[in-house]
2 protein chains.
Amino acid sequence: MTKAVEKVIEEFEKLPGVGPKSAARMAYHYLRSPNKDASALAEALIEMDQKVVFCQKCFNVSETSECEICSTPLRDSHKICIVEEPLDVVAFEKAGIFNGLYFVLGGVISPADGIGPEELRMAQMTRRINQLYEEHKQLEVIIATNPSLEGEATASFIHEAIRNISDDIQVTRLAMGLPTGADLEYADRTTLLRALEGRRAV
Amino acid sequence: MTKAVEKVIEEFEKLPGVGPKSAARMAYHYLRSPNKDASALAEALIEMDQKVVFCQKCFNVSETSECEICSTPLRDSHKICIVEEPLDVVAFEKAGIFNGLYFVLGGVISPADGIGPEELRMAQMTRRINQLYEEHKQLEVIIATNPSLEGEATASFIHEAIRNISDDIQVTRLAMGLPTGADLEYADRTTLLRALEGRRAV
């Protein structure tokens, strides 16, 4: 194995979900055929590095200082959805079910990983919520962190922060329960508990 | 999702074993923290593109026109091992069990994928074997293609090609049977058959 190949393998290994074997397979993939793909990926990465910035309002990835969602008047700015990562925005947008604004926290509170509220964009979030509330005097904040331990803790923290702005801001959390197509038999205890707690009249 | 990010996702998707979701996760991995890693991978890819060539003798990847294995007098040039891919050489070298030379075919015969003997380095292989045989008048060729349908067909083809050079060249094939740590109970029929056929006196 040459040093140049080893270096590529090393970089691939840093990617999420990529182990040493997959990383090697990825690197050698480019060494099989005329290696044009390698430079295509390299160029795409460099372009991303140069062009992509964080939107100043929602901190989603963007190619302009204010992203498309924050800059269009077509979105309902009376609703803002707080998510962990840019990919969560992608999920919502693909579903086409939400017409409000977003705010990307940049992770969750996770003491085990040394991530406290200071490591996230909590201050920016508070500022953004405050600004939208001052503007409209009516606002719903939808907390859409993941239904994990860390996500729940972060949700509580966000709730607390919003309460400090105003009690008039409506705070909601995504519903928890059985996902579509799930098999009740295989549902874990917490999911079943949440599904039962959240049951609705039919 | 911005266009620059989409392009990176597209390129990641071309890698073996990477689906759309993993590709997205990989691209966004670089957008979480200060994005220095993206350019590190880009640089590593470009360096690989520029530095890595194929060894003129064995067609393994190399940073010199003749690779380290082919250029050292420490290797036993009376033995040559024919493999499909550069990663197979890595596997042998990591195991440290073979001191001969290699030849990298660049794949296997696979009519379904439109890969015939002409798409592989069969001519170069014949030339290399011929040259080593002329030099030493004693040579063992170890056919180490994978124990798959295509690998077996390619092995037969290689065997045939060597017979056309000389009947005095010793041709061997890697043994097939149960892998270390395997559970007989879960072994497939072909593996069991090969293990039985290849049984040895103890």
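About the cut-offs
Residues numbered from 1 in each chain as written. Chains lettered and ligands numbered in written order. Predicted model: local features only at pLDDT ≥ 70, side-chain atom pairs only at ≥ 80, totals over all residues. Heavy atoms only, no water. UniProt positions renumbered as here; feature names shortened; annotations may be inferred. Contact = heavy atoms within 4.5 Å. Buried area = accessible area lost by both parts, 1.4 Å probe. Salt bridge = Lys/Arg side-chain N within 4 Å of Asp/Glu carboxyl O. Polar contact = N/O pair within 3.5 Å; in protein donor to acceptor, adjacent residues only side chain to side chain. Helix = DSSP H or I, 4+ residues; strand = E, 2+ residues; numbered from the N terminus. Nonpolar A, V, L, I, M, F, W, Y, C, P; charged D, E, K, R; others polar. Least-squares fit on C-alpha atoms with pLDDT ≥ 70 in both. Pairing = 2+ DSSP bridges. Right-handed = clockwise from strand over helix to strand, strands pointing away. Buried < 20%, exposed > 50% of the residue type's maximum accessible area, 1.4 Å probe, protein only. Axes fitted to C-alpha atoms, helices over the stretch in contact; angles between N-to-C directions. Phe/Tyr/Trp six-rings, centres within 6.5 Å; stacked < 30°, edge-to-face > 60°. Lys NZ or Arg CZ within 6 Å of the ring centre and 35° of its normal.

- The name an unreviewed UniProt entry assigns to chain A is Recombination protein RecR, from the organism Candidatus Dojkabacteria bacterium.
- Under Function (unreviewed entry), UniProt gives the following word-for-word description of chain A: "May play a role in DNA repair. It seems to be involved in an RecBC-independent recombinational process of DNA repair. It may act with RecF and RecO."

**With respect to the interface of chain B and chain A**
- Taken together, the 45 residues of chain B in the interface contact 45 residues of chain A.
- Across the chain B to chain A interface the summed buried area is about 4400 Å²; carbon plus sulfur atoms make up 72%.
- Where chain B meets chain A, there are two salt bridges.
- The closest approach of N and O atoms between B:Lys7 and A:Glu47, which form a salt bridge, is 3.4 Å.
- Our count for the contact surface shared by chain B and chain A stands at eight residue pairs in polar contact (both at pLDDT 80 or more).
- Contributions of two or more residues to the side of chain B that touches chain A are made by α1 (3–13), α2 (20–29), α3 (37–51), β2 (61–62) and α5 (86–95) of chain B.
- Top element by residues in the side of chain B that touches chain A is α3(B). It accounts for 13 residues.
- Class assignment of the residues belonging to the side of chain B that touches chain A gives a composition of 28 nonpolar, five polar and twelve charged.

**Observations concerning the UniProt feature "domain: Toprim" (unreviewed entry) in chain A**
- Here, the residues flagged by UniProt with the feature "domain: Toprim" (unreviewed entry) are residues 78–179 of chain A.
- Across residues 78–179 of chain A, helical content stands at 39% and strand content at 17%; the span's end C-alpha atoms are separated by 28 Å.

**Section: the UniProt feature "zinc finger region: C4-type" (unreviewed entry) in chain A**
- UniProt tags residues 55–70 of chain A as "zinc finger region: C4-type" (unreviewed entry).
- Measuring from the first to the last C-alpha atom of residues 55–70 of chain A gives 8 Å, for a span that is 19% helix and 12% strand.

**Structural notes on the relation of the copies chain B and chain A**
- The two copies are related by a screw motion: chain B maps onto chain A through a turn of 180° and a shift of 0.0 Å along the axis, at an RMSD of 0.0 Å. One copy is carried onto the other by what is essentially a two-fold rotation axis. When each C-alpha of chain B is compared by its distance to the rotation axis, B:Ala42 comes out closest, at 2.0 Å.

**Quick word on the pairing of strand β6 (residues 170–173) of chain A**
Residue and element names in this part refer to chain A.
- Taken together, the four bridges between strand β5 (residues 140–143) and β6 define a ladder with parallel strand orientation. Considered in β6, the bridge of Ile 143 is made with Arg 173.
- Handedness of the crossover joining β5 and β6 through helix α7 (residues 149–163): right-handed.

**As for the pairing of strand β5 (residues 140–143) of chain B**
Residue and element names in this part refer to chain B.
- Where burial is concerned, the two faces of β5 agree: the one with Glu 140 and Ile 142 and the one with Val 141 and Ile 143 are both buried.
- Strand direction decides the pairing type here: strand β3 (residues 79–83) and β5, joined by four bridges, are parallel. The residue bridging Ile 82 from the neighbouring strand is Ile 143, located in β5.

**Focus on the sheet that holds β3(B)**
Residue and element names in this part refer to chain B.
- The four strands are arranged β4-β3-β5-β6 in an open sheet whose pairing can be described as parallel. What marks the edges here is a single partner per strand, and that holds for β4 (101–104) and β6 (170–173). Here the average twist between neighbouring strands, direction ignored, is 25°.
- Judged from the four bridges that link them, β3 and β4 form a sheet pairing that is parallel. Its bridge partner being in β4, Cys 81 is matched across the sheet by Tyr 102.
- Each of β3 and β4 touches α5; the most contacted strand, β4, lies at about 155° to it.

**Observations regarding the sheet that holds strand β4 (residues 101–104) of chain A**
Residues and elements named next belong to chain A.
- Strand order in the open sheet formed by four strands is β4-β3-β5-β6, with parallel pairing between adjacent strands. Only two strands of the sheet have a single neighbouring strand rather than two, namely β4 and β6. Averaged over all pairs of adjacent strands, the angle between strand axes in this sheet comes to 25°, irrespective of strand direction.
- Of the strands in this sheet, β3 (79–83) and β4 are in contact with helix α5 (residues 86–95), which crosses β4 at around 155°.
- Together, β3, β5 and β6 form the strand contacts of α7, whose direction differs from that of β6 by roughly 175°.

**Structural notes on helix α2 (residues 20–29) of chain A**
- Buried residues of α2(A): A:Ala23, A:Ala24, A:Met26, A:Ala27, A:Tyr28 and A:His29, and no others.
- Against the buried residues of α2(A) lie α1 (3–13) and α3 (37–51) of chain A together with α2, α3, β2 and α5 of chain B.

**Here we look at the environment of B:Ala24**
- Counting through the fold element by element, B:Ala24 comes out in helix α2.
- Considering only alpha carbons, one finds B:Ala24 and B:Ile9, 15 residues apart in sequence, at a separation of 5.4 Å.
- When near neighbours in sequence (up to four residues on either side) are disregarded, B:Ala24 contacts A:Leu87 and B:Ile9.

**What to know about the packing of aromatic side chains**
- Applying the stated criterion to the full structure yields eight aromatic pairs over all chains.
- For the pair B:Phe92 and B:Tyr102, a centre-to-centre distance of 6.0 Å together with 50° between the ring planes defines the contact as tilted. One end of the pair, B:Phe92, is in helix α5; the other, B:Tyr102, is in strand β4, with ten residues separating them in the sequence. Of the two residues examined, B:Phe92 and B:Tyr102, each falls in the buried class.
- Through successive ring pairs, a cluster of aromatic residues spans A:Phe92, A:Phe98 and A:Tyr102.
- In this structure, A:Arg121 is placed above the aromatic ring of A:Phe54, and the distance from its NZ or CZ to the ring centre is 4.9 Å.

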